[in-house]
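Breakdown of the fold
In case you want the letters, here they are:
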Amino acid sequence: MDHFEYRNGSLFCEQVAVSDIVAEVGTPAYIYSSATLLHHYNAIAEAFAELNPTICYSIKSLANVNILKLLAKAGSSFDVTSGGELARATIAGGDASKIVFAGVGKTDRELVDALDAGIGVFNIESEAEFENLSRLAAQRGAKPHAALRLNPDVYDPKTHTYTATGKKETKFGVDIERAVRFFEEYGSGPNVMLDGIHIHIGSPIYSAWPYVEAIGKTLSMIDRLKEKGFEINTLDIGGGFAADYETGASPLADDYAKAIVPLLKDTALAVIIEPGRQISCNAGILATEVQYVKTGGEKNFVIVDAAMTDLFRPALYGSEHFVYPAAIDATAQPPERRAGFAAPGGTKVDVVGGVCEGSDFLAKDRVLPPIARGDLMVVFSAGAYGFVMSSQYNSRPRSVEVLVDGAEYRIIRRRETYEDTYAAELDV
Ligand SMILES: Cc1ncc(COP(=O)(O)O)c(C=O)c1O
């Protein structure tokens, strides 16, 4: 679900025509809908209300400080994965005591900053990291809460191997077999309160059953730990709820909650959820202008001014995003946003960027209406893992970000300049 729709042949974000925004800010441009972000945040909050969870929006999916402020105001806390994300969460007004910090490679500086900020829970990924946190906590006279990231050896076969994090042989967390030993070694330590369990089985997870399996294994582990005298107070079930890249293909927050809430509602555990893309994915589009149309052998190419530097997911994971012109014949039916949609009377094209890499494409083999130089194209469902993964490769300045709220919009990150691409190299 989102607030992007065609009206009289023109794509609108909430009450604003995308073409009007672009006329002011240029292309490429990331455009986000406040109403869509809040809709998905509230849907998760309502679906899981019986558990009274702490919802820690996963900053990595869409990190603009203005978006974080919007979500903090709606009641969200944050899942951070670096010192930079902690700085963003803090500046956005996030309550430090509800922030969770994951990541296999936390540096001393990041750990010290997080200890000084008084964050809620350190999600611990290895024995070595626990020992390091314990050492730094003792030095600073702090006694933080920590959760062991358990690797429940569960995964959704539809999840890309690069983002399936719940399997045994990934770099994430500690194998379930090692968990008891971990608690025996560190569970009574004087410097860190090891009283939580964290799982994050991958992203996106397209159905509830992998969570049911992973939570089932985790609850058994919590019982085993209790028998051994280790009391677990907090269970963080991670993120990974899918987003609607293809209409109707992803479950709603309610579908996950229906399966997960019954497993946890009668426990005394404080529950944490770390959704990212389900909140941010459908809330953003990438608007881009057609530069050239050309053919190569049997292929037709539409070359646009956005590239893999703006949206890396197709090159990185082979991800599919629905791509379509922002203006269509006013009498035509709006396109059905789904994989395989073919514009009536259209031509099969690849939509590509101008970067010197064969992997620089935004969409392949799409049947689109006639396209000409100067047309405005839109990549849908680009809010999550879109701008945050952008780079300056080929010395391309990063795109502008715009936030729409009803009939208003504002720039929430200015377009970078050529000077921005080399500023850090001068006078060093
Ligand atoms: C530990 C952790 N939590 C939450 C998330 C968010 O995942 P998603 O955006 O799919 O909800 C991730 C994504 O990689 C993650 O690694």
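Values in this document were obtained by computation on a predicted structure and should not be read as measured data. (Residues numbered from 1 in each chain as written. Predicted model: local features only at pLDDT ≥ 70, side-chain atom pairs only at ≥ 80, totals over all residues.)

Another aspect to go through is the overall build of the chain. A tally of regular secondary structure across the chain gives 12 helices and 21 strands. By principal-axis analysis of the C-alpha atoms, the chain measures approximately 70 × 55 × 45 Å. Within the chain, the proportion of its 428 residues that are buried is 46%. For the chain, contacts bridging at least 24 residues in sequence account for 71% of all contacts bridging at least 6. (Helix = DSSP H or I, 4+ residues; strand = E, 2+ residues; numbered from the N terminus. Buried ≥ 20, exposed ≤ 12 C-beta atoms within 10 Å, placed from the backbone. Contact = placed C-beta atoms within 7 Å.)

On to the sheet that holds strand β2 (residues 10-13), then. Pairing within the open sheet is antiparallel, and its 3 strands lie in the order β1-β2-β3. Across the chains shown, the open sheet's two edge strands, defined by having one partner strand only, are β1 (4-7) and β3 (16-17). Pairing of β2 with β3, which is carried by 2 bridges, proceeds in the antiparallel orientation. Bridge pairing in β3 links Cys13 to Val16. (Pairing = 2+ DSSP bridges.)

Moving on, we get to the domain arrangement of the chain. Domains assigned within the chain are domain 1 (4-32 + 281-425) and domain 2 (34-279). Domain 1 and domain 2 are separated by 32 Å when their C-alpha centres are compared. Mapped onto the side of domain 1 that touches domain 2, the elements with two or more residues apiece are β20 (400-405) and β21 (408-413). With 4 residues, the top contributor of residues to the side of domain 1 that touches domain 2 is β20. Looking at the side of domain 1 that touches domain 2, its residues break down into 12 nonpolar, 5 polar and 8 charged. (Domains from an automatic or database assignment. Nonpolar A, V, L, I, M, F, W, Y, C, P; charged D, E, K, R; others polar.)

Moving on to the nonpolar core. Most often, soluble globular proteins keep nonpolar side chains buried together rather than apart. With 120 residues, the main nonpolar core has Ile31, Ala287, Val378 and Val402 as its most contacted residues. With 6 residues, the top contributor of residues to this core is helix α8 (residues 209-227). Counting contributing residues, this core receives three or more from each of domain 1 (4-32 + 281-425) and domain 2 (34-279). Sequence-distant contacts of Val402, defined by excluding residues within four places in its chain, comprise Ile21, Val25, Ala29, Tyr30, Ile31, Tyr32, Tyr409, Arg410, Ile411 and Ile412. (Core = buried A, V, L, I, M, F, W, Y, C linked by C-beta atoms within 7 Å.)

Okay, the pairing of strand β11 (residues 193-198) next. Along any regular strand the residues' side chains alternate between the sheet's two faces. Across 5 bridges, strand β9 (residues 145-151) lies against β11 in parallel orientation. What sits directly across from Ala147, in β11, is Gly196. Relative to strand β12 (residues 234-236), β11 runs parallel, the two being bridged by 3 bridges. What sits directly across from His198, in β12, is Asp236. Regarding topology, α8 serves as the crossover connection from β11 to the parallel β12, and that connection is right-handed. (Right-handed = clockwise from strand over helix to strand, strands pointing away.)

Looking now at the packing of helix α7 (residues 176-186) against α8. Here α7 crosses α8 at 25°, and the two axes come no closer than 11 Å. Judged on the interaxial angle alone, α8 and α7 are roughly parallel. When you trace α7 past α8, the crossing you get is right-handed. Counted together, Ile176, Ala179, Val180 and Phe183 of α7 and Lys217, Met221, Arg224 and Leu225 of α8 form the full contact between these two elements. (Axes fitted to C-alpha atoms, helices over the stretch in contact; angles between N-to-C directions. Parallel < 35°, antiparallel > 145°, perpendicular 65-115°, else oblique. Left-handed = near helix turned anticlockwise from the far one by under 90°.)

Okay, unusual backbone geometry next. The peptide bond linking Thr27 to Pro28 adopts the cis configuration, its omega dihedral lying at -10°. Structurally, Pro28 can be placed in the loop between α1 (18-25) and β4 (29-33). Omega for the peptide link from Ser203 to Pro204 comes to -5°, which places this bond in the cis form. Here Pro204 lies in the loop between β11 and α8. For Asn8, which is not glycine, the phi torsion reads 50° and is therefore positive. If you trace the backbone, Asn8 turns up in the loop between β1 and β2. Taking the number of C-beta atoms within 10 Å as the measure of exposure, Asn8 has 10 and is therefore exposed.

Turning our attention to the environment of Asp360. Among the structural elements, Asp360 can be located in the loop between β17 (347-352) and β18 (361-368). Put simply, Asp360 and His198 are 162 residues apart on the chain and 36 Å apart in space, counted from C-alpha to C-alpha. Setting aside residues no more than four positions away along its own chain, Asp360 makes contact with Ala307, Met308, Ala315, Val352, Gly353 and Val355.

So, about the packing of helix α4 (residues 83-91) against helix α5 (residues 108-117). Their axes nearest at 9 Å, the elements α4 and α5 cross at an angle of 25°. One finds that α4 runs roughly parallel with respect to α5. As α4 packs across α5, the resulting crossing turns out to be left-handed. Contact residues: Gly83, Leu86 and Thr90 in α4; Arg109, Glu110, Asp113, Ala114 and Ala117 in α5. Tallied by class, the residues present in the contact of α4 with α5 amount to 3 nonpolar, 2 polar and 3 charged.

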